[in-house]
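Survey of secondary and tertiary structure
Each chain is listed here by its residues.
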Amino acid sequence: MGFTLFSSSKEISFSCLESISQNRNWKHVLPKTFSRLGELNREEKGDGVVKKGSVSSHLVRGHLEGSFVWKKQLKEASSKLDFVRTLLIDNYDSYTYNIYQELSVINGLPPVVIRNDEWSWEEVFHYLYEEKLFDNIVISPGPGSPTCAADIGICLRLLLECSDIPILGVCLGHQALGYVHGARIIHAPEPIHGRLSDIEHNASELFNEIPSGQNSGFKVVRYHSLVIDPSSLPKKLVPIAWTSSHETIPFLGLQNLDSCLDGFERRGDLKFFAKSVSTKSEMQTSNILMGIMHSSRPHYGLQFHPESVATCHGRQIFKNFVEITKDHWSQLRSSSESMRDVYCSARMQVPTVNQLFQDVARSKHLMNGFGNLKHASLCNLMKSSSHSRFAKYLKLQWRKLECSANQVGGAGSIFSELFGSHRAENTFWLDSSSTEMNRARFSFMGGKGGSLWKQVTFRLSNKSGGDTSFTHGGYMSVEDREGSITNTYLQKGFFDFLDQELKSICYDAADFDGLPFDFYGGYIGYIGYDLKVECGASLSRHKSSTPDACLFFTDNLVVIDHHCDDVYVMSLHDEGTGTTSWMDEVEQKVLHMKPHRRPTKPISVASAGFSPTQGFSAEKSRQQYITDVEKCQKFIRDGDSYELCLTTQMRRSVGELHSLTLYLEMREKNPAPYAAWLSFPKEKLCICCSSPERFLRLDRDGVVEAKPIKGTVARGASPEVDELLKQQLQYSEKDQAENLMIVDLLRNDLGRVCEPGSVHVPHLMEVESYATVHTMVSTIRGQKQPDASAVDCVRAAFPGGSMTGAPKLRSMEILDSLETSSRGVYSGCIGYFSYNQTFDLNIVIRSVVIHEGEASIGAGGAITALSNPSDEYEEMVLKTRAPTKAVMEYQNSILSIDDEP
């Protein structure tokens, strides 16, 4: 197919930058990182769903097109740029920072990221054409449609006015390029999210060195419900790529993986089937338009997602766009101007390191190696490194006991002996009760302890229910060891408080030399789902009856290393006030423990016909839940989300339940690597958690790790059936798509706080087996940027993407409108924040929350375009089976004991 390249003879003057320090509007230039997540500005709301005004394509063009003329005489030709400075427009998407990570490595400088409504056109004009700060523009994916003003923001005007600046639009940005020049945006024959297609292209510059056609190895990930109608393309827009087949391709059905798995490590023993167990989707239509370019402008659009971990040759596409940018400007600027531009651009992006960039500008060698300078990224050097004048200096004492955990009966016996009296009130237990396959290694337990112990309880303010926009403020109460309570209003919210608390602690790292784990004392407890409002969510319609966060600051704890069977005792104290009395006491208790079997349980009155939900009141009926699934699918078809993690809750009055005994029963029947027990008697709250899912961890080497779960199936009744079910899960296109969408979302969240190029996926879509279910699990890791704090990392990713969907912000708005109560503790996280800024947090699922005499169990699942509403209901019920059965059998066993003569 023929096509016309954009003109290279435009006469545009691009003089060198003046010093950025002279810019009076400096505050607008500073790039904002993940903590900048703002509220979605929507003017109309109704029926729980955001309503948005549309923009007429022909009116926009008529009003804007041709209003700028940037033609001036070209002074002299130049060599190519050493760096490329990208303005990355974020359309409130959850994959933007995957693009950011790629461009940071390829460009040699991190892009500047702004939301599509963050700068006015006057500001954009100023930085593009007066300050000349950027060499190209990338428009991110996003929810919604380019026909909607609130969805697309400044992007349409950029595409119209910036005819001389290279622009690449991805997905929504691609559709915007078509729409702004008169093409129609229509529904795709079928919504495609997290699924792969073979791509053909016409060998334009954007696809240089990339193969073409079916089975060529060029397979891409698609996330879209809308497409450009190819029959409506004006002559100025040239098709450059399209799907080569009507079929989508399951990821684990790929045969030629080695050429495209550069985003993660491939397991050597993993076998990939040539055909998927799932049924492939047939789209009754012609091939779908996947790429366009403008015939006379350096503007390109891609419907697929080159930044996805499963897209083949995605990085090469970004490299090609960089080369297009360099070729474009090499004809317009002298090399000396380019050097000054790079120097000023770098100062703009990291204003506190001016001297560094003066050195960079003087050294060609350093310039070429800029991507390796760890301290030159967006999140760094933005915070003061000086210690607070209220700094606390803490010392750690610890010892390893001369016995093994199994010698004294294991973790359950140790917890019951040391902390189980008085109904285990004010105690915690982060319980790695399932340690097979190296899923987890350590358990941490303790209770109300030494002089530093306190309980911190936080509740968001303005919780009136209804259509309420939340501020970050809330009420915090702090109870010390003596029972004294202090109440405070936190204007900036809980995460800010926690961040400042951890930053105020000083310590000597030598104190924990030799310990194999990363928690040495600090905050331990839960953060509820509603704290999403401190992480970018603009709305929270429902009031949680439980606190929004509740944590102990623990100074005494016992640690069990399940791999080595070791037991440690630890005590944290103010400098100069240490004592070993608590450690001595615990050591003697443990050493004198004798292993014993738990009493034989009474025969449960639950029969073979036991219903998992028997005795529990479901928040929604089966039909209501199915109807909500169908509503989710309509939002997905209309482009408002790629995946929605719909949830509901079941409740039962339990009265004065002995919660610890219930938890011991749960951990025996359904052990989990990220299980937990928490008791907050002042709040009449106990949490029995059997979670198999890690939310986020940060170790002392600065490695951030997430392990999302998406895809669940029940275990089989026989080994043969069980293996078949496991294989069906592994090679299900639907479950692969669910998992991939969340993997890309977590890569984005980690990309906000991790070093460019460090985010990777060492394990993708692996099936893990538990007592009652098989689950599909992936692992994402990255190297934290030096000046990002522990709380920064959590705030960048909370709530866990596996419990929201993607894009996260829009998906949470939609879910808020469909769900009828607060999720509360469920969907939040439980874990620790160590005083040395390491942390490990789970996702609160498969859990029983007992509050004021009522047990609640939350469950749900990821809704996609491929979902079957009835199957989604059954999957939700499956996830409640183990905890509901544990509660019913425990209560029935108590009744059977009471009935004995």
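That block above? That's the structure.
What you see is a predicted model, and the numbers here were worked out from it, not measured in a lab. (Residues numbered from 1 in each chain as written. Predicted model: local features only at pLDDT ≥ 70, side-chain atom pairs only at ≥ 80, totals over all residues. Heavy atoms only, no water.)

Considerations on the sheet that holds strand S5 (residues 136-139)
Strand order in the open sheet formed by 9 strands is S4-S3-S5-S6-S11-S10-S9-S7-S8, with mixed pairing between adjacent strands. Each end of this open sheet is capped by a strand with a single partner; those strands are strand S4 (112-115) and strand S8 (219-228). Pairs of neighbouring strands in the sheet enclose a mean axial angle of 25°, with direction left out of account. Inspection of the sheet shows strand S9 (residues 237-243) paired to strand S10 (residues 289-294) by 5 bridges, in the antiparallel sense. (Pairing = 2+ DSSP bridges. Helix = DSSP H or I, 4+ residues; strand = E, 2+ residues; numbered from the N terminus. Axes fitted to C-alpha atoms, helices over the stretch in contact; angles between N-to-C directions.)

Looking at helix H8 (residues 314-330)
Compared with the 24 Å implied by 1.5 Å per residue over 17 residues, the 25 Å span of H8 between its first and last C-alpha is a close match. With 12 of its 17 residues buried, H8 lies for the most part within the structure. For H8, the set of buried residues is Gly314, Ile317, Phe318, Asn320, Phe321, Val322, Ile324, Thr325, Lys326, His328, Trp329 and Ser330. Buried residues along H8 sit in contact with helix H3 (96-107), S5, strand S6 (167-170) and strand S11 (299-302). (Expected span 1.5 Å × (residues − 1). Buried < 20%, exposed > 50% of the residue type's maximum accessible area, 1.4 Å probe, protein only. Contact = heavy atoms within 4.5 Å.)

Notes on the pairing of strand S34 (residues 839-842)
Burial along S34 is two-sided: the face carrying Phe839 and Leu841 and the face carrying Asp840 and Asn842 are both buried. Summarising the sheet, strand S27 (residues 694-698) and S34 pair through 4 bridges and their orientation is antiparallel. Bridging across to S34, Arg697 finds its partner in Asp840. Strand direction decides the pairing type here: strand S33 (residues 829-834) and S34, joined by 3 bridges, are antiparallel. Residue Phe833 lies in a different strand from S34, and its bridge partner there is Phe839. Between S33 and S34, which follow one another and run antiparallel, lie 4 residues, and Gln837 among them has a positive phi close to 75°.

Comments concerning the nonpolar core
Counting 106 residues, the largest nonpolar core has Phe494 and Phe833 as its most contacted members. Dropping the residues within four chain positions of it, Phe833 is found in contact with Leu498, Leu502, Phe519, Gly521, Gly522, Tyr523, Ile527, Val791, Val794, Thr838, Phe839 and Leu841. (Core = buried A, V, L, I, M, F, W, Y, C linked by side-chain atoms within 4.5 Å.)

Side note on the pattern of salt bridges
Counted according to the given criterion, the structure contains 44 salt bridges. As a salt-bridge pair, Glu482 and Arg481 come within 3.3 Å of each other at their nearest N and O atoms. Of the residues examined, Arg481 reaches a relative accessible area of 37% and is grouped as partly exposed. Note that Arg700 and Asp518 form a salt bridge whose closest N and O atoms lie 3.1 Å from each other. With a gap of 182 residues between them, Arg700 in the loop between S27 and strand S28 (703-707) and Asp518 in the loop between strand S18 (505-506) and strand S19 (522-527) connect regions that are remote in the sequence. Overall, the relative accessible area of 36% leaves Arg700 in the partly exposed class. Look at the salt bridges and you will find they share partners, linking Arg694, Arg697, Glu705, Arg781 and Asp840 into a network. (Salt bridge = Lys/Arg side-chain N within 4 Å of Asp/Glu carboxyl O.)

Some thoughts on the packing of aromatic side chains
Scanning all chains against the criterion turns up 38 aromatic pairs. Where Tyr95 meets Tyr642, the ring centres are 5.7 Å apart and the plane angle is 20°; that geometry is what we call stacked. One end of the pair, Tyr95, is in the loop between strand S3 (86-90) and H3; the other, Tyr642, is in the loop between helix H15 (622-637) and strand S24 (643-653), and 547 residues separate them in sequence. By the burial criterion, Tyr95 is buried, and Tyr642 matches it. Aromatic pair Phe458 and Phe494: ring centres 5.5 Å apart, planes at 40°, arrangement tilted. With Phe458 in strand S15 (residues 454-460) and Phe494 in helix H13 (residues 494-503), the pair connects residues that are 36 residues apart, well separated along the chain. For the residue pair Phe458 and Phe494, the accessibility class agrees, reading buried in each case. Connected via pairs of aromatic rings, a cluster forms that spans Trp398, Phe442, Phe444, Tyr507, Phe512, Phe517, Phe519, Tyr520, Tyr568, Tyr832 and Tyr835. Note that Lys454 overlies the ring of Phe553, its terminal NZ or CZ placed 5.9 Å from the centroid. (Phe/Tyr/Trp six-rings, centres within 6.5 Å; stacked < 30°, edge-to-face > 60°. Lys NZ or Arg CZ within 6 Å of the ring centre and 35° of its normal.)

Thoughts on unusual backbone geometry
Residue Phe798 is joined to Pro799 through a cis peptide bond whose omega torsion reads -10°. Along the chain, Pro799 turns up in the loop between helix H19 (790-797) and strand S32 (805-806). Cis peptide bonds are those with omega within 30 degrees of zero, and the linkage from Ala806 to Pro807 qualifies with -10°. You can see Pro807 is positioned in the loop between S32 and helix H20 (808-818). The backbone of Tyr92 shows a phi angle near 55°, a positive value even though the residue is not glycine. Locating Tyr92 in the fold gives a position in the loop between S3 and H3. Look at Asn215: it is not a glycine, yet its phi comes out positive at around 65°. Tracing the chain through its elements places Asn215 in the loop between strand S7 (185-201) and S8.

Note that all results are geometric; they support no functional claim without further evidence.
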